[in-house]
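Structural description and commentary
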Amino acid sequence: MAVRAVRGATQLDEDTREHMLDRVAEMVTDVMSANGLDVDDFISIIFTATSDLTSEFPAYAARQLGFSDVPLVCARELEIEGSMPRVVRLMAHVETDLPRAEITHVYLHGAANLRRDLSRTTSHD
């Protein structure tokens, strides 16, 4: 079993608590299904959010999905001029038998435009 990093991102349409929880839960569950993971496979998750998202901690959505004993942290994304607004990103460290080249990163909604360069990406526009 190897330790791998899985990336994900989603863009919100608006900064409301319900929308944040829905979009982050969707991103986390898509990462899980795309890579054949369950909660016990996760070592930790780092969430970042752009400064225009203040309605809820992204990690709370993962807690609601059963990530009660997985270390989670939230941080602020760098404020770079012209960067995409209302984006939550994650980097999850997982234990998996998948080779690095077979890890599928998940980019949802508008965030699908962030990493079109990745060959193994699941995206929803």
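All of these numbers come straight from a predicted model, not from anything done at the bench.

Brief notes about the pairing of strand β5 (residues 105-108)
- Judged by which residues are buried, β5 turns out to be covered on both faces: H105 and Y107 on one side and V106 and L108 on the other are all buried.
- Examined bridge by bridge, strand β1 (residues 2-11) and β5 share three bridges and lie parallel to one another. Along β5, the bridge assignment pairs T10 with L108.

Considering the layout of surface pockets
- As a volume, the largest pocket reaches approximately 160 Å³.
- In terms of lining, the largest pocket is formed by A49, L53, T54, E56, F57, P58, C74, A75 and R76.
- In terms of residue count, the dominant contributor to the lining of the largest pocket is strand β3 (residues 72-76) (three residues).
- When its residues are assigned to classes, the lining of the largest pocket shows six nonpolar, one polar and two charged.

Section: the nonpolar core
- Residues F42, F47, F67 and V88 are the most contacted members of the largest nonpolar core, which totals 29 residues.
- Sorting the residues of this core by element identifies α1 (17-35), β2 (42-49), α2 (58-64), β4 (87-96) and β5 as the ones contributing at least two each.
- By residue number, the principal contributor to this core is α1, which donates seven residues.

A word on the pattern of salt bridges
- For the structure on display, the rule yields three salt bridges.
- For D13, the salt bridge goes to R23, with nearest N and O atoms at 3.0 Å. Of this pair, D13 sits in the loop between β1 and α1 while R23 sits in helix α1, and the two are 10 residues apart along the sequence.
- Given a relative accessible area of 11%, R23 falls into the buried group.
- Among the ionic pairs, E77 bridges to R89, the shortest N-O distance being 3.6 Å. One end of the pair, E77, is in the loop between β3 and β4; the other, R89, is in strand β4, and 12 residues separate them in sequence.

Conventions used here
Residues numbered from 1 in each chain as written. Predicted model: local features only at pLDDT ≥ 70, side-chain atom pairs only at ≥ 80, totals over all residues. Heavy atoms only, no water. Buried < 20%, exposed > 50% of the residue type's maximum accessible area, 1.4 Å probe, protein only. Helix = DSSP H or I, 4+ residues; strand = E, 2+ residues; numbered from the N terminus. Pairing = 2+ DSSP bridges. 1 Å grid on protein atoms, 1.4 Å probe; cavity = no way out; pocket = protein on both sides within 12 Å on 5 of 7 lines; lining within 4 Å. Points joined across faces, edges and corners; volume = space filled by probe spheres on them. Nonpolar A, V, L, I, M, F, W, Y, C, P; charged D, E, K, R; others polar. Core = buried A, V, L, I, M, F, W, Y, C linked by side-chain atoms within 4.5 Å. Salt bridge = Lys/Arg side-chain N within 4 Å of Asp/Glu carboxyl O.

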